[in-house]
Amino acid sequence: MADPSSQNPNLATPPPPSSPSPTHQIQSGTSELSPPSRPPCSTLSFLKTANRPKLRVTSEFDSDSLLFLNKVSCKLFDNLAKLKLSFQNNSQREISQPQVSFTSKHVSVLYDVEEKNTFIKSTLDVHPRLQLRALHNVKAQQGEVAMEANLTEPGYSLELSSPVPIGYPRATLKFPLGEISLQEKDEEEEEKQKRTLSVNGILKRQVMNGVCTALYTDEELRLRYAYKDDALSFIPSISLPSNAASFAFKRRFSPSDKLSYWYNFDSNMWSAVYKRTYGKDYKLKAGYDSDVRLGWASLWVNHQPLVFFSLFSHQRNLFTRLSPNPSHTSKML
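These notes cover the structure that comes with them. Since this is a predicted model, take the numbers as computed values, not measurements. (Residues numbered from 1 in each chain as written. Predicted model: local features only at pLDDT ≥ 70, side-chain atom pairs only at ≥ 80, totals over all residues. Heavy atoms only, no water.)

## Thoughts on the overall build of the chain
Then, number 1: Check the secondary structure of the chain and you find 3 helices and 22 strands.
Then, number 2: A burial count over the chain gives 20% of its 333 residues as buried.
Then, number 3: When the accessible surface of the chain is split by element, carbon and sulfur atoms take 58% of a total near 24700 Å². (Helix = DSSP H or I, 4+ residues; strand = E, 2+ residues; numbered from the N terminus. Buried < 20%, exposed > 50% of the residue type's maximum accessible area, 1.4 Å probe, protein only. Areas by Shrake-Rupley, 256 points an atom, 1.4 Å probe, with all protein chains shown as cover.)

Right, dumping it as structure tokens:
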């Protein structure tokens, strides 16, 4: 009998598999021995890409109280919240009124270190035209709840608020020229309590090249007109029925020279401040306040108060401040 494999070529025994080439063996051996690549650490990559919060330091000087008002703040969570520390210090470096605040879009918390008290404020938009607000004083156990609705006309809104836990509600109508509020209050007349309606409001309107403001509160009317252009500012004001009048005057003589003056007709008190800049890095300020009989002068370098000199009741006080960080901003009133 003939071999079937010789008659049918399809039944022939397949040839043995060819041995891999040395090059292929080296490549496959290398791929098997190499350890798997580690994925990048998410924590390290986040720390590299995340921006550390930038600190901002602000210092102001109040010539009336001879105090420095200091603020240190930074923005957190990609500018979604803000943390701020504020305090005051005098010439003896004594710190007073330290406060810590946390502010976000919907919740704000203020903690008073000296009083050991916390103030909480919250806002919530329940509708594009309706907003709810709540205020709470933890130590006093008092607060306020308010609801504000935007009307169909742009710039008009109606607010209803009420003290918590007790108090009379208040209604406020806001419009483009100002606002008017109505609230009941108790008054004592001849040993009897009488409930009356209190009206407060403010109106603003453009008059010529300035803004005229009328403020009515506690049965007192204050009229104020503010005129301002590139070189001159003039702000007179008067209160009725007390007839107390005052005015503020600001004059810019050149891009580097500016004078500010304020006078009160009722008390004959006045104050003046002169500011001169030298280039972009140097600034000189000098002023006088007749109420506290204080004259002062300061030299600023790179927006930082370098030296402050004051003359008060024939006593001289010298304050020196050198800041290592030129990016810190400061301001003197």
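On we go.
## Some words on the packing of aromatic side chains
Then, number 1: The full count for this structure, using the stated rule, is 7 aromatic pairs.
Then, number 2: Between Phe234 and Phe247, the ring centres sit 5.9 Å apart and the planes meet at 40°, which makes this aromatic pair tilted. Of this pair, Phe234 sits in strand β15 (residues 232-240) while Phe247 is found in strand β16 (residues 244-254), placing the two residues 13 residues apart along the sequence.
Then, number 3: Overall, Phe234 belongs to the partly exposed group, its relative accessible area being 34%.
Then, number 4: A ring pair is formed by Phe247 and Tyr263, whose centres lie 6.3 Å apart and whose planes are at 50°; its orientation type is tilted. Taken as a pair, Phe247 in strand β16 and Tyr263 in strand β17 (residues 257-264) lie far apart in primary sequence, 16 residues in all. (Phe/Tyr/Trp six-rings, centres within 6.5 Å; stacked < 30°, edge-to-face > 60°.)

## Section: the pairing of strand β18 (residues 270-278)
Then, number 1: Direction of pairing for β17 relative to β18: antiparallel, over a ladder of 7 bridges. When the sheet's bridge partners are listed, Tyr263 is paired in β18 with Trp270.
Then, number 2: Counting the residues that bridge the hairpin from β17 to β18 gives 5 residues, and of these Asn268 lies at a positive phi of roughly 60°.
Then, number 3: Bridge count between β18 and strand β19 (residues 282-289): 8 bridges; the pairing is antiparallel. Opposite Val273, over in β19, you have Gly287 as the bridge partner.
Then, number 4: Here β18 hands over to β19 after 3 residues, with Gly279 in that stretch at a positive phi of 70°. (Pairing = 2+ DSSP bridges.)

## Digging into the environment of Ser161
Then, number 1: In this fold, Ser161 is placed in strand β9 (residues 157-164).
Then, number 2: By relative accessible area, which is 4% here, Ser161 ends up buried.
Then, number 3: Counting along the chain gives 29 residues from Ser161 to Leu132, while the straight-line C-alpha distance between them is 9.8 Å.
Then, number 4: The residues contacting Ser161, other than those within four sequence positions of it, are Glu144, Val145, Ala146, Pro169 and Arg170. (Contact = heavy atoms within 4.5 Å.)

## A short note on a positive patch on the surface
Then, number 1: Taken together, the side chains of Arg56, Lys71, Lys75 and Lys82 present a region of like positive charge at the surface.
Then, number 2: As for its position among the elements, Lys71 is in strand β2 (residues 67-76). (Patch = residues over 30% accessible without salt bridge, like charges linked within 9 Å, V, L, I, M, F, W, Y side chains within 5 Å. Salt bridge = Lys/Arg side-chain N within 4 Å of Asp/Glu carboxyl O. Lys, Arg positive; Asp, Glu negative; His and termini not counted. Charge placed at Lys NZ, Arg CZ, Asp CG, Glu CD.)

## Looking at the pattern of salt bridges
Then, number 1: Counted by the stated rule, this structure contains 8 salt bridges.
Then, number 2: In this structure, the salt-bridge partner of Glu148 is Arg133, at a minimum N-O distance of 2.9 Å. Taken together, the residues span a long stretch of sequence, with Glu148 in strand β8 (residues 142-150) and Arg133 in strand β7 (residues 130-137) at a distance of 15 residues.
Then, number 3: Overall, Glu148 belongs to the buried group, its relative accessible area being 14%.
Then, number 4: Judged by relative accessible area, Arg133 falls into the partly exposed class, the value being 21%.

## Some words on the pairing of strand β12 (residues 192-207)
Then, number 1: Here β12 runs beside strand β13 (residues 210-217); their pairing, made up of 7 bridges, is antiparallel. In the strand pairing of β13, Gln206 is matched with Val211.
Then, number 2: Joining the antiparallel neighbours β12 and β13 is a turn of 2 residues, in which Met208 adopts a positive phi near 55°.

## Looking at a nonpolar patch on the surface
Then, number 1: A surface patch of nonpolar side chains, about 720 Å² in accessible area, is lined by Leu124, Val126, Leu132, Met147, Leu151, Tyr156, Leu158, Leu160 and Leu173.
Then, number 2: One can find Leu124 in strand β6 (residues 117-127).

## Here we look at the environment of Gly201
Then, number 1: Along the polypeptide, Gly201 turns up in strand β12.
Then, number 2: Along the chain, Gly201 and Leu215 lie 14 residues apart, while their C-alpha atoms are 6.1 Å from each other.
Then, number 3: Dropping the residues within four chain positions of it, Gly201 is found in contact with Glu179, Ile180, Ala214, Leu215 and Tyr216.

## Quick look at the environment of Pro241
Then, number 1: By secondary structure assignment, the location of Pro241 is in the loop between β15 and β16.
Then, number 2: Judged by its relative accessible area of 68%, Pro241 falls in the exposed class.
Then, number 3: Each C-alpha atom, one on Pro241 and one on Glu219, is 8.9 Å from the other, the two residues being 22 residues apart in sequence.

## Here we look at unusual backbone geometry
Then, number 1: The peptide bond linking Val164 to Pro165 adopts the cis configuration, its omega dihedral lying at 10°.
Then, number 2: Its place among the elements puts Pro165 in the loop between β9 and β10 (170-175).
Then, number 3: With an omega of 5°, the peptide bond running from Leu240 to Pro241 counts as cis.
Then, number 4: For Phe77, which is not glycine, the phi torsion reads 55° and is therefore positive.
Then, number 5: Structurally, Phe77 can be placed in the loop between β2 and β3 (81-89).
Then, number 6: Residues other than glycine seldom take positive phi values, yet Lys116 does so here, at roughly 55°.

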